[in-house]
Amino acid sequence: MKYDLLIVGGGPAGLTAAIHARARDKSVLVISNDPLASPLSKAPAMANYPGLPGVTGRELLERLVEQARNLGAEFRQGRALSVMPMGKSVMVSVENDAVEGRAVILAPGVSRAAPLKGEAELLGRGVSYCATCDGMFYRGKPVVCAGDAPNFGEEVEFLRSIGCEVTVKRLAGLSILGENRVTGVLDAAGEATPCEGVFLLRASIAPARLAPGLELENGYIKVDAHMATNLPGVYAAGDCAQGVNLESGEKQIIGLWANANRQGAAAGANMAGGEARFEGNILHNITHFMDMDFIGFGDNRIQGEPLEQGSLEEDGLYVRAVISGGKVVGANILDSYRISGILKNYMLRLFAGEGGSLPDYQRAMLLQAGLRAEFIDRMEVMTRG
Ligand SMILES: Cc1cc2nc3c(=O)[nH]c(=O)nc-3n(C[C@H](O)[C@H](O)[C@H](O)COP(=O)(O)OP(=O)(O)OC[C@H]3O[C@@H](n4cnc5c(N)ncnc54)[C@H](O)[C@@H]3O)c2cc1C
């Protein structure tokens, strides 16, 4: 079956893209390691998810998967190993199979694995990313396996079942030896192991290796405002893709679920024939635990004068804003749920360069919670410019 859209990665970016493409009635296949294994599943609680304050990362992922499934998105659990644009379609290999789509969205999150010494040079000449795909070439021969793929154990067992002599090594510090073909590996402790094949079974594949020819900038996938990459029919969204810091105008990685969601929504809508632009995001992080909100805004490289409200020694609200060039350029807010939402939304507008005073009732709530009128006035003056 040829799908309208293939999505590589079932994190917030990929799942949101699936939801938006299904809303436009496109057939969608999400190819992913277990979506509940996204790094977001480790977030204890998120204060910034609209309508679900305090939702855990895992719960959020479960709901996104359920929503995408209920809307008709199909799921295929496994690692995508390569993405090949072929004119009017794109082929994605998933373990030892291939699927076809009219377009693909790359949403595999951050690839934390640095390439190993010798990996690029010996890829296809003894280095492989998939045991079930290439194992037969090494039947009865010594091979090394290393990696963190969820199906690592199964891949090793498969190689053993076809008679390979398998040595398992840690990825960190591994070097691959050989001139034109793999002859062995050297591990971090300096121990050499002769072998004919090296299976690097990582949970994620670096974007440039996943889709050869993909244009990167500072290690992240270069995208336009429609989330399209330089390859035809290939979009990207989320932690793998470049974002725009609306405050500084700089292109950089944003690394937040909210950004992943918005980029995924734009990519999903665009590939489905919509016209959605992603202009950028404000750097911010919101965490909630132990009955406290911790909110940070802004680019921590920007220096300035502090404007403080409250004290770290006292209970209650504490705000420390950084002022530069007459504008708020950064802020940390500690609060126990009372008014951090109002402040957060106001500061997001401030940082995006949008003017406007606080509505009267919100100003009254800030005053009631103990914020000084002088502090609010200074922020409002700065908003008006
Ligand atoms: C501990 C922790 C706490 C966090 N807390 C917050 C928070 O409070 N607020 C916030 O905004 N952000 C938070 N983040 C950041 C947030 O998790 C990320 O920004 C977000 O998950 C990025 O979404 P994504 O869809 O781009 O990628 P991911 O969530 O990384 O999802 C990518 C998915 O694709 C899969 N995959 C990768 N490569 C392949 C492949 N080749 N084939 C198949 N599947 C593949 C991965 O296994 C994963 O399941 C936190 C992150 C961590 C680690």
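Positions within a chain are numbered from 1, following the residues in the order the chain's sequence is written. The predicted origin of the model limits local features to residues at a pLDDT of at least 70 and limits the giving and counting of side-chain atom pairs to 80 or more, whereas totals for whole chains, interfaces and linings rest on all residues.

1. Some points on the nonpolar core
Our working rule: What we call a nonpolar core is a set of buried Ala, Val, Leu, Ile, Met, Phe, Trp, Tyr and Cys residues whose membership is set by joining through C-beta atoms within 7 Å. Three classes are used. A residue is buried when 20 or more other C-beta atoms lie within 10 Å of its own, exposed when 12 or fewer do, and partly exposed in between, with C-beta atoms placed from the backbone. By the criteria applied, helices consist of DSSP H or I runs no shorter than four residues and strands consist of E runs no shorter than two, each listed in order from the N terminus.
If you look at the biggest cluster of nonpolar residues, it comprises 105 residues, and the most contacted ones within it are Ile7, Ile105, Leu106 and Ala237. Among the elements that make up this core, the one with the highest residue count is helix 7 (residues 257–271) (seven residues).

2. Structural notes on the domain arrangement of the protein
Rules: Note that domain bounds follow an automatic or database assignment of domains. We call two residues in contact when the distance between their C-beta atoms, placed using the backbone, is within 7 Å. Gly falls in the polar group here, along with every residue not listed as nonpolar (Ala, Val, Leu, Ile, Met, Phe, Trp, Tyr, Cys, Pro) or charged (Asp, Glu, Lys, Arg).
Taken domain by domain, the protein comprises domain 1 (2–111 + 209–271), domain 2 (119–200) and domain 3 (284–384). Here the C-alpha centroids of domain 1 and domain 2 sit 29 Å apart. In this complex, domain 1 contributes seven residues to the contact, which on the side of domain 2 involves six residues. In the side of domain 1 that touches domain 2, the residues fall into two nonpolar, two polar and three charged.

3. Considerations on the packing of helix 1 (residues 12–23) against helix 7
Stated formally: Each axis is a line fitted through C-alpha atoms, and for a helix only the stretch in contact is used; angles between axes span 0 to 180 degrees, taken between their N-to-C directions. The sense of a crossing depends on the near helix, which, turned anticlockwise from the far helix by less than a right angle, makes the crossing left-handed and, turned clockwise, makes it right-handed.
With their axes 7 Å apart at the nearest point, helix 1 and helix 7 run at an angle of 35° to one another. In the packing of helix 1 onto helix 7, the handedness of the crossing is right-handed. Here Pro12, Ala13, Gly14, Thr16, Ala17, Ala18, Ile19, His20 and Ala21 of helix 1 lie close against helix 7, whose contacting residues are Trp257, Ala260, Asn261, Gln263, Gly264, Ala265, Ala267, Gly268, Ala269 and Met271. Here the residues of the contact of helix 1 with helix 7 sort into twelve nonpolar, seven polar and no charged.

4. With respect to the site of the ligand
How we decide: Being near a molecule or strand means, for a residue, that its backbone-placed C-beta atom lies within 6 Å of it.
Near the ligand there are 34 residues, and of these Gly9, Gly11, Pro108, Gly109 and Gly238 occur at the shortest range. Put simply, the parts of the chain that give the shell around the ligand at least two residues each are helix 1, strand 2 (28–32) and helix 7. The residue makeup of the shell around the ligand, split by class, is 19 nonpolar, twelve polar and three charged.

5. Considering unusual backbone geometry
Among all residues save glycine, negative phi is the norm, and among peptide bonds the norm is trans. Unlike most non-glycine residues, Asp25 shows phi in positive territory, near 65°. By the element assignment, Asp25 lies in the loop between helix 1 and strand 2. On the neighbour-count criterion, Asp25 (11 C-beta atoms within 10 Å) is exposed. Although it is not a glycine, Asn218 sits at a positive phi angle of roughly 50°. Note on placement: Asn218 falls in the loop between strand 14 (216–217) and strand 15 (220–221). The class of Asn218 is exposed, set by 9 C-beta atoms lying within 10 Å.

6. Here's the deal with helix 5 (residues 152–161)
One full turn of an α-helix is made of 3.6 residues, so residues set three or four places apart face in the same direction. Quick reminder of the rule: Note that the arc is defined by the directions from the helix axis to the C-beta atoms.
Where helix 5 is concerned, the buried positions are Glu155, Val156 and Leu159. All buried residues of helix 5 fall inside an arc of 100° around its axis, so they share one side. What points out from helix 5, more than 90 degrees from its buried face, is the exposed set Gly153, Glu157 and Ser161. The inward-facing, buried residues of helix 5 contact helix 4 (131–134), strand 8 (142–146), strand 9 (165–168) and strand 13 (197–200). Directly after helix 5, the chain includes Gly163, whose backbone phi takes a positive value near 90°.

7. Description of the packing of helix 1 against helix 2 (residues 57–70)
Which entries qualify depends on this criterion: When an angle is under 35 degrees it counts as roughly parallel; over 145 it counts as roughly antiparallel; between 65 and 115 it counts as roughly perpendicular; any other value is oblique.
The contact between helix 1 and helix 2 brings their axes to 9 Å, and the two run at 25°. Classified by the angle between their axes, helix 1 and helix 2 sit roughly parallel to one another. Crossing geometry of helix 1 relative to helix 2 is assigned as left-handed. Here Pro12, Leu15, Ala18, Ile19 and Arg22 of helix 1 lie close against helix 2, whose contacting residues are Leu64, Val65, Gln67 and Ala68.

8. Section: the environment of Pro207
With respect to the helices, strands and loops of the structure, Pro207 is situated in helix 6 (residues 207–210). With 96 residues separating them in the primary sequence, Pro207 and Ser111 have C-alpha atoms 7.8 Å apart. Excluding anything up to four places from it in sequence, Pro207 contacts Leu106, Ser111, Leu214, Leu216, Ile221 and Cys240.

9. Quick look at the environment of Gly213
Along the chain, Gly213 falls in the loop between helix 6 and strand 14. Measuring from C-alpha to C-alpha, the distance between Gly213 and Met84 comes to 9.8 Å, with 129 residues separating the pair along the chain.

10. Describing the sheet that holds strand 10 (residues 175–177)
Just so we agree on the cut-off: A pair of strands counts as paired when DSSP detects no fewer than two bridges linking them.
Here three strands make up an open sheet; going across it, the order is 10-11-12 and the pairing antiparallel. A single partner strand is all that each edge strand has here, and the edge strands are strand 10 and strand 12 (192–194). Ignoring strand direction, the axes of neighbouring strands in this sheet form an average angle of 20°. Pairing of strand 10 with strand 11 (residues 184–186) involves three bridges; the strand directions are antiparallel. Residue pairing for strand 11: Ile176 is matched across the bridge by Val185.

11. Describing the pairing of strand 6 (residues 97–106)
Alignment of strand 1 (residues 2–8) against strand 6, held across six bridges, turns out to be parallel. Its bridge partner lying in strand 6, Tyr3 is registered against Gly101. Of the pairings in the sheet, the one linking strand 5 (residues 89–94) to strand 6 comprises five bridges and is antiparallel in character. For Met91, the partnering residue across the bridge sits in strand 6 and is Glu100. Counting the residues that bridge the hairpin from strand 5 to strand 6 gives two residues, and of these Glu95 lies at a positive phi of roughly 50°.

12. Remarks on the pairing of strand 2
Our working rule: Place the viewer so that the strands point away; then a crossover is right-handed whenever the path from the first strand over the helix to the second strand goes clockwise.
The element strand 2 is largely enclosed, with a buried count of five among its five residues. Residues Val28, Val30 and Ser32 point to one face of strand 2 and Leu29 and Ile31 to the other, with burial holding for every one of them. Two strands pair when backbone bridges link them, and strand 1 and strand 2 are joined in this way by four bridges, in the parallel orientation. Across the sheet, residue Ile7 finds its bridge partner in strand 2, namely Val30. In this view, the connection linking strand 1 to its parallel neighbour strand 2 by way of helix 1 has right-handed handedness. In this structure, strand 2 lies alongside strand 3 (residues 74–77), joined through four bridges in parallel fashion. By the bridge assignment for strand 3, Ile31 is matched with Arg76.

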